[in-house]
There are 4 protein chains.
Amino acid sequence: MTKPKLRIGMVGYGFMGRTHSNAFLTAPRFFDLPRQPELTAICARDRDRAEAFAQNWGYGSVETDWKDLVARDDIDLIDIAAPNNMHMEIAIAAAEAGKMVMCEKPLGRTAAESQKMVDAVEKAGVANMVWYNYRRIPAVTLAKQMIDNGDLGRIFHYRAKFLQDWTISEDLPQGGEGLWRLDKSVAGSGVTGDLLAHCIDTAMWLNGGIDSVTAMTETFVKEREHALTGKVEPVGIDDACAFMGRFANGSLATFESTRYARGHKALYTLEINGEHGSLFWDLHDLHRLEYFDHRDDGRTRGWRSVHVTDGDHPYMDKWWVPGLSIGYDESFTHQAADFIMGLDGMPAAPTFADALKTDRVTDAVLRSADSGRWEAAS
Amino acid sequence: MTKPKLRIGMVGYGFMGRTHSNAFLTAPRFFDLPRQPELTAICARDRDRAEAFAQNWGYGSVETDWKDLVARDDIDLIDIAAPNNMHMEIAIAAAEAGKMVMCEKPLGRTAAESQKMVDAVEKAGVANMVWYNYRRIPAVTLAKQMIDNGDLGRIFHYRAKFLQDWTISEDLPQGGEGLWRLDKSVAGSGVTGDLLAHCIDTAMWLNGGIDSVTAMTETFVKEREHALTGKVEPVGIDDACAFMGRFANGSLATFESTRYARGHKALYTLEINGEHGSLFWDLHDLHRLEYFDHRDDGRTRGWRSVHVTDGDHPYMDKWWVPGLSIGYDESFTHQAADFIMGLDGMPAAPTFADALKTDRVTDAVLRSADSGRWEAAS
Amino acid sequence: MTKPKLRIGMVGYGFMGRTHSNAFLTAPRFFDLPRQPELTAICARDRDRAEAFAQNWGYGSVETDWKDLVARDDIDLIDIAAPNNMHMEIAIAAAEAGKMVMCEKPLGRTAAESQKMVDAVEKAGVANMVWYNYRRIPAVTLAKQMIDNGDLGRIFHYRAKFLQDWTISEDLPQGGEGLWRLDKSVAGSGVTGDLLAHCIDTAMWLNGGIDSVTAMTETFVKEREHALTGKVEPVGIDDACAFMGRFANGSLATFESTRYARGHKALYTLEINGEHGSLFWDLHDLHRLEYFDHRDDGRTRGWRSVHVTDGDHPYMDKWWVPGLSIGYDESFTHQAADFIMGLDGMPAAPTFADALKTDRVTDAVLRSADSGRWEAAS
Amino acid sequence: MTKPKLRIGMVGYGFMGRTHSNAFLTAPRFFDLPRQPELTAICARDRDRAEAFAQNWGYGSVETDWKDLVARDDIDLIDIAAPNNMHMEIAIAAAEAGKMVMCEKPLGRTAAESQKMVDAVEKAGVANMVWYNYRRIPAVTLAKQMIDNGDLGRIFHYRAKFLQDWTISEDLPQGGEGLWRLDKSVAGSGVTGDLLAHCIDTAMWLNGGIDSVTAMTETFVKEREHALTGKVEPVGIDDACAFMGRFANGSLATFESTRYARGHKALYTLEINGEHGSLFWDLHDLHRLEYFDHRDDGRTRGWRSVHVTDGDHPYMDKWWVPGLSIGYDESFTHQAADFIMGLDGMPAAPTFADALKTDRVTDAVLRSADSGRWEAAS
């Protein structure tokens, strides 16, 4: 019996175009999905490169204008893996065309953009999701299950960091294909939208809403050559951003992100401290969850390093055998699978509406960095 | 321009049938291969399950007798992912039919079996390879490059362990589909062929041949119910095996494997100590290579934890960005890619002839465990 | 040839009375000191317990009123290991009596108190020091040497945490001998003066002055029984405090401390990120310094775990052999030794004047937590 | 009330003379001992250096001939911290003079020497102990308590390593004061007696007797200049030694030691795997015990890193507060305290008779390395 198809039109063939394409190819091999994803069309402005991408990943056709893609009636789902400044326009058009929409994070460059996108998908009543993939690292999902199960008791602290070191050189230009994340007009913000958005999405999923924040940003390198104009231009993005805040449940938040922390490639860490126990996770060793249970016998109590590779761990019954880890890309595979499984039942999170809440926090963070005051975040 | 196809006939749909199938599907997405692998046929005795497997992985057809598979002229490569007792017969037949042959490790149940397989592929002049996948974990490949580059200087010690804990319960039966590794007639040996074979393959690749060994084995649970007969029968395999030895280069070997080490799921570790430096690797954190360089300044010298996820690390330019790790299965993807890239040039290792050398060591190990003496291993 | 004596009068026989006494006994065994410390008198209100303490540690005599101790002319140095609310009065009297003064941290309960203490020792011209012992953990001292040597280049980030979990239970009383740190009138503040003061002292030593801060405090348990009155009383101290700030050198500060982080007993960590490299240290493994040097070859670059136990590491030529670690108490021994060695030359830091700067930061932190605004810290 | 004195005559002022002296000075400050140790006399051939040592550590007098020391009637205990070739003669004479005897490990250079020493102390009925100090690292003592409590269930494996790297340079001479451990006539053997003896002592304490062994030794540098003769002489010691064996309880032993493992200063590790759980300890982080409890809930099970610094951990109620670690030297302090506390009750282990068992194993190991066969070890 053949399954109904889910015909995908992908916009963008960069880093995220690859992770999404791989996810849709891999998900049906490892998960029993109600619909069969089909890589129907890839859309990108450079036809030759789009053709090459299509051949490599098995896309059936190529478009060079996303409006043409959205207009096609053989497409069920528009997946937006283009730079941030394209998200809103494409998503709204796709929703208005009745397509399901998936969008790479952050949703919009600002909460105002995101709000319009939420309005569009909700008005159209189309399935929608934002690729906050880290929720679906099995160790992170396990953390969620444990917290929801009450294993930690009352929560006192949540802290997260996302530290990188790839923009320290002053010779690095801003803008253009590989470096649009340094161009404020394209990216919207620097580490706040790129890295802290991940931290905030996970934090609110695990620990509930954030009420208020106070923040600090810094741009260490003030001017960089722009790759598109060839001219030295002021850098508009935040190179580093830290904030403190208060969650609705009374716990304290401390967050930090930077691209100037030597030795850290993608050090996304999170820790949550509760009355009964604590959890810690680090993207650099993504298959482990560190867990402290105060209820263990005192003399033999210690942080447990849980190697999250067993069949009773989230998602891991689909993969190999205990001790054999999966990687970064499987988090996208899990998200693709969950999205498809949610189409005929409980929609999978985070939806656009969920992601909007994250953007409200990042907006408040940037506002506070300007004002020097606490700002409401919800 | 379309690439020539590499038409694959797979035997076996268990754990290894899945890893191999995934590898052949994934390799061409990430590597620029001279031939396009095609999953032409899957062969397994149970037709219904074989059909389901074919549908899941996209195999074009199904066979239930491997002799029929070998006889097909639309197959270029026979890939043997069946239990060990099937390896020799299938491989020899495939070679005689002029097929390329890939075989899951260990090659044969004994060096005598393996010798016949080597003879067959060499006589037929067909490409051949054994799936010792751990060579192609990027951290392990990096170790190989460093050693070949002389970074460690004269080698003094090589030690490896492969520790598991999944057979401790006396209630676990032996034999049958999921547990044939406990059945000596099918597996050939216990941890020696299953786990130490991996350790030895990597060791000889990194550090050269092993001349002599002295070994110790133990079977902790003497009798288990046999899943196929329903009767309690003596356990013939080694539950644990340790050996010491001497490499041809004068360095000392210490190896240990067991399925009775609580807390270790698949703890394959290796360490090599040389005059100038040392390397350590652990499958549980497979994306890291620990490196000590004695030539660093003394006051700031320490073991470096290299997160092997950068573009200049082996294979990693094909994947994501620094800091984002790949998993276990990518080692098979790399091996499939290397095999295909080697077809029109330098054949990729380990060939059957390479794997035979490993089997000679495992044979010597088991011989020594019986004799209580040092045994020649090459 | 006998050395001149340094006759010590100790005030307080609690936790810190023990560490200081041990330091003065041990220092001359391992360091070649210009003066021989002598435990001349111990002062504490309970004579019986003071006698027992004197016998245990070898003090020559006992006083029960610190004014009598200060008045003795056979005492060269008054060492204050009493609770915080006693520091100012004793220190000023000791200075006025012409004694050298050492004081457990924090110097005063507020910068205003500390200022008076600084004035007193400077007016009297007596040697003085505050027991910020963590500077003299060899790994921390090594960090100082590396930073001063320019190994890290321009500094971008400094972060520190001091996390504990010992006051989570609501049944824990406040006040009294073992719990005066929970009593605001005695301690001055909660974690800010107790824990963050350590973090700030080290931070400014390593990375220079802090210009401004914004802070957040929380008292999770609002009322506790007071051990002295037996009544349930409001808790005045901060259970947790986090702050962000800017160093004079342009780098960003993120600090956090709490006594509500399950699983952390005394997790004092610090990290500093510079252009060329980064350093990380953790009190829980105090004999290690983690160092990342970006100038290492890219393929084999990684965080180095430096086991700071070699003869060319700070202080370690005085102890054992490489690989054998020292503990927490040796940091006090080093401080005692450095103080004595500094008496006849360059005075050892941190002096009272140094510690006053720390108190100015903690004051600003507490002020900001009240005002919700950035506050000047120097 | 004054305590009776324990008057100590120390032989040797090297590394071990310092650790023992420090232990006897420190023990009574932290432990409530029935007798007060007194550093009565130090004995060493060089009078000037002995005088300096006496002044530094507070010894009351100096001897230059150990026979004079043994003959003194104001000495209760002879503590032998001289090189191995002196142990037997001094110990026997001390016992015959009715003195208590403590001896640095290994007891004798061979089991035959040790046997005579056991005979002497047993005939004389004098208290005796060997300084296998690692038993009294709190984490190791905790392991002992857990094993004795049955926490691990049936034991399957015990493995230990002691890896160093300080003799790799061919320019290092052998013999003389700092290097007698490389001189076979003085040391008796190389790493076997120096390092494996520690591993074996702990192993048999934790896991019972060793029945049989098979071993391998190597001398990587065959000739070295002798520091005393100035001539290049053959090296007689074992630079590396590994052995496998069987414990009386049926578990398997794998041991290795070397001074040629780059990057390891004093990496003494031990691991024990049982039916219910496993333990791991590493001298480089001596304050931690790693514990895996299979009976924990499967989804949140992992190796626990126990920071052995709490008041309910062995010995730790005598020291500081949770999270603050002690160092290497405290293991000697604990041993001194336990010895003194055992004088009037249950004698503390390991006695000479206990240490003799260790020497029987090291003898068997060296015998097997020669014979190439399994040798009985008890």
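Note that this is a predicted model, so its numbers are computed, not measured.

1. Description of the state of the cysteines
All names here are of chain C. Tallied over the full model, the rule gives 0 disulfides over all chains. Summary of cysteine pairing: C103 is not part of a disulfide, and the nearest cysteine sulfur, belonging to C43, is at 14 Å. Accessibility expressed as a relative area gives 0% for C103, which makes it buried.

2. A word on unusual backbone geometry
Omega for the peptide link from K105 of chain A to P106 of chain A comes to -10°, which places this bond in the cis form. Tracing the backbone through its elements, the reader meets P106 of chain A in the loop between β5 (100–103) and α5 (111–124). Of the consecutive residues A349 of chain A and P350 of chain A, the connecting peptide bond is found in the cis state with omega at 0°. Tracing the backbone through its elements, the reader meets P350 of chain A in the loop between α9 (329–342) and α10 (352–371). Non-glycine residue Y315 of chain B carries a positive phi angle of around 70°.

3. Here's the deal with the domain arrangement of chain A
Residues and elements named next belong to chain A. Looking at chain A, the domain boundaries give domain 1 (5–133) and domain 2 (136–376). Of note, the centres of domain 1 and domain 2, computed from C-alpha atoms alone, are 23 Å apart. Facing the 50 residues of domain 1 at the interface are 43 residues of domain 2. Of the roughly 4000 Å² buried where domain 1 meets domain 2, counting both sides, 67% is carbon and sulfur surface. It is F31, Y132 and N133 that lose the most area in domain 1 upon contact with domain 2, and together they represent 21% of the buried surface on that side. The interface formed by domain 1 and domain 2 includes 3 salt bridges. A salt bridge links E177 to R49; its shortest N-O distance comes to 2.5 Å. Elements represented by at least two residues in the side of domain 1 that touches domain 2 include exactly α1 (15–30), α4 (84–96), β5, α5 and β6 (128–130). Ranked by residues supplied to the side of domain 1 that touches domain 2, first place goes to α1 with 10 residues. By residue class, the composition of the side of domain 1 that touches domain 2 is 31 nonpolar, 12 polar and 7 charged.

4. Focus on the side chain of T214 of chain D
Relative to the helices and strands, T214 of chain D is located in strand β8 (residues 210–218). Dropping the residues within four chain positions of it, T214 of chain D is found in contact with T214 and M244 of chain B together with A242, F243, M244, S368, R373 and W374 of chain D.

5. Side note on the nonpolar core
Counting residues in hydrophobic clusters, the biggest one holds 171 residues, and the most contacted among them are F24, F255, W281 and L289 of chain A together with F24, F255 and W281 of chain B. Residues within four places of F24 of chain B in sequence aside, it is in contact with I8, M10, P37, L39, L77, D79, M102, W131, A336 and I340 of chain B. Among the nonpolar cores identified, the runner-up in size contains 170 residues, and I8 and W319 of chain C together with I137 and V306 of chain D belong to it.

6. A closer look at the sheet that holds strand β1 (residues 5–11) of chain D
All names here are of chain D. Across the sheet, which stays open at both edges, the 6 strands sit in the order β3-β2-β1-β4-β5-β6 with parallel pairing between neighbours. Single-partner strands in this sheet number two, and they are β3 (61–63) and β6 (128–130). Going across the sheet, the axis of each strand differs from the next one's by a mean of 25°, ignoring polarity. Relative to β6, strand β5 (residues 100–103) runs parallel, the two sharing 3 bridges. Considered in β6, the bridge of M102 is made with M129. Helix-sheet contacts for helix α1 (residues 15–30) involve β1, β2 (36–43), β4 (77–80) and β5, and the interaxial angle to β2 is about 160°.

7. Observations regarding the packing of helix α5 (residues 111–124) of chain C against helix α10 (residues 352–371) of chain C
To describe two helices that pack against each other, one gives the angle between their axes and the distance between the axes. Residues and elements named next belong to chain C. The N-to-C vectors of α5 and α10 enclose an angle of 170°; their axes lie 9 Å apart at closest approach. In terms of axis orientation, α5 runs roughly antiparallel to α10. Residue-level inspection shows A111, A112, S114, Q115, M117, V118, V121 and E122 of α5 in contact with α10, the latter providing F352, A353, L356, D359, R360 and D363. A per-class count over the contact of α5 with α10 returns 8 nonpolar, 2 polar and 4 charged.

8. Here we look at the UniProt feature "domain: Gfo/Idh/MocA-like oxidoreductase N-terminal" (unreviewed entry) in chain A
According to UniProt, the feature "domain: Gfo/Idh/MocA-like oxidoreductase N-terminal" (unreviewed entry) maps to residues 6–130 of chain A in the numbering used here. In this annotation, residues 6–130 of chain A is assigned 48% helix and 22% strand; the end-to-end C-alpha distance for the span is 17 Å.

9. Structural notes on the relation of the copies chain C and chain B
Screw-axis analysis of chain C against chain B gives a translation of 0.0 Å along the axis, an RMSD of 0.0 Å, and a rotation angle of 180°. Between the two chains, the operation in question is that of a two-fold axis. Across chain C, the smallest distance between a C-alpha and the rotation axis is recorded for R304 of chain C, namely 2.0 Å. With an isologous cut-off of 70% or more, the 100% of interface residues of chain C that recur at the interface of chain B puts this contact in the isologous class.

10. Details of the pattern of salt bridges
For the structure shown, the criterion picks out 108 salt bridges over all chains. Across the pair R47 of chain C and E51 of chain C runs a salt bridge, and its minimum N-O distance is 3.7 Å. Of this pair, R47 of chain C and E51 of chain C are both found in helix α2 (residues 47–57), 4 residues apart, which corresponds to roughly one turn of the helix. Here R295 of chain C and D293 of chain C are joined by a salt bridge, their closest N and O atoms 3.1 Å apart. Using a relative accessible area of 48% as the deciding quantity, one classes R295 of chain C as partly exposed. What emerges from the salt-bridge pattern is a single network uniting K105, R181, D194 and R259 of chain A.

11. Some details on the environment of A160 of chain B
Inspection of the secondary structure assignment puts A160 of chain B in strand β7 (residues 155–163). The contact partners of A160 of chain B, leaving out residues within four places of it in the chain, are C199, T254, F255, E256, Y268, T269 and L270 of chain B.

12. Quick look at the pairing of strand β1 (residues 5–11) of chain C
Remark: a regular strand shows side chains that alternate across the two faces of the sheet. Residue and element names in this part refer to chain C. Of all 7 residues in β1, 5 are buried; the element is thus mostly enclosed. By the bridge criterion, 7 bridges tie β1 to strand β2 (residues 36–43) in an arrangement that is parallel. Its bridge partner being in β2, L6 is matched across the sheet by P37. What joins β1 to β2 is helix α1 (residues 15–30), and the crossover it makes is right-handed. Pairing of β1 with strand β4 (residues 77–80) involves 4 bridges; the strand directions are parallel. Of the residues in β4, the one forming a bridge with G9 is I78.

13. Things to note about the environment of T192 of chain B
Residue and element names in this part refer to chain B. Its location among the elements puts T192 in helix α8 (residues 191–207). In this structure, the C-alpha to C-alpha distance between T192 and T2, residues 190 residues apart in sequence, is 44 Å. T192 has contacts with A197, D238, C241, T362, V365 and L366, leaving out every residue within four places of it along the chain.

14. A word on the interface of chain B and chain D
Taken together, the contact pairs 44 residues of chain B with 44 residues of chain D. Interface area, chain B with chain D, both sides summed: about 3600 Å², of which 56% is carbon and sulfur. Taken together, the links from chain B to chain D amount to 4 salt bridges. With a closest N to O distance of 2.8 Å, E256 of chain D and R159 of chain B form a salt bridge. Joining chain B to chain D, the criterion identifies 21 residue pairs in polar contact (both at pLDDT 80 or more).

15. Things to note about α2 of chain C
Along an α-helix, residues three or four positions apart point the same way, because every turn accommodates 3.6 residues. A50, F53, A54 and W57 of chain C are the residues of α2 of chain C that are buried. In a view along the axis of α2 of chain C, the buried residues occupy a sector of 100°, so they form one face of it. Relative to its buried face, α2 of chain C has exposed residues pointing more than 90 degrees away, namely D48 and Q55 of chain C. Of the surrounding secondary structure, the elements contacted by the buried residues of α2 of chain C are α1, β2 and β3 (61–63) of chain C together with α1 of chain D. Once α2 of chain C ends, the next one or two residues include G58 of chain C, with phi positive near 85°.

16. Some words on the interface of chain C and chain B
At the interface, 17 residues of chain C touch 17 residues of chain B. Across the chain C to chain B interface the summed buried area is about 1500 Å²; carbon plus sulfur atoms make up 43%. When residues of chain C are sorted by the area they lose upon contact with chain B, R299, T300 and R304 of chain C head the list and together hold 46% of the total. For the pair chain C and chain B, the number of links is 2 salt bridges. For the salt bridge of R304 of chain C with D296 of chain B, the shortest nitrogen-to-oxygen distance reads 3.6 Å.

Reading the values: rules and limits
Residues numbered from 1 in each chain as written. Chains lettered and ligands numbered in written order. Predicted model: local features only at pLDDT ≥ 70, side-chain atom pairs only at ≥ 80, totals over all residues. Heavy atoms only, no water. Disulfide = S-S within 2.5 Å. Buried < 20%, exposed > 50% of the residue type's maximum accessible area, 1.4 Å probe, protein only. Helix = DSSP H or I, 4+ residues; strand = E, 2+ residues; numbered from the N terminus. Domains from an automatic or database assignment. Contact = heavy atoms within 4.5 Å. Buried area = accessible area lost by both parts, 1.4 Å probe. Salt bridge = Lys/Arg side-chain N within 4 Å of Asp/Glu carboxyl O. Nonpolar A, V, L, I, M, F, W, Y, C, P; charged D, E, K, R; others polar. Core = buried A, V, L, I, M, F, W, Y, C linked by side-chain atoms within 4.5 Å. Pairing = 2+ DSSP bridges. Axes fitted to C-alpha atoms, helices over the stretch in contact; angles between N-to-C directions. Parallel < 35°, antiparallel > 145°, perpendicular 65-115°, else oblique. UniProt positions renumbered as here; feature names shortened; annotations may be inferred. Least-squares fit on C-alpha atoms with pLDDT ≥ 70 in both. Right-handed = clockwise from strand over helix to strand, strands pointing away. Polar contact = N/O pair within 3.5 Å; in protein donor to acceptor, adjacent residues only side chain to side chain. Arc of directions from axis to C-beta.

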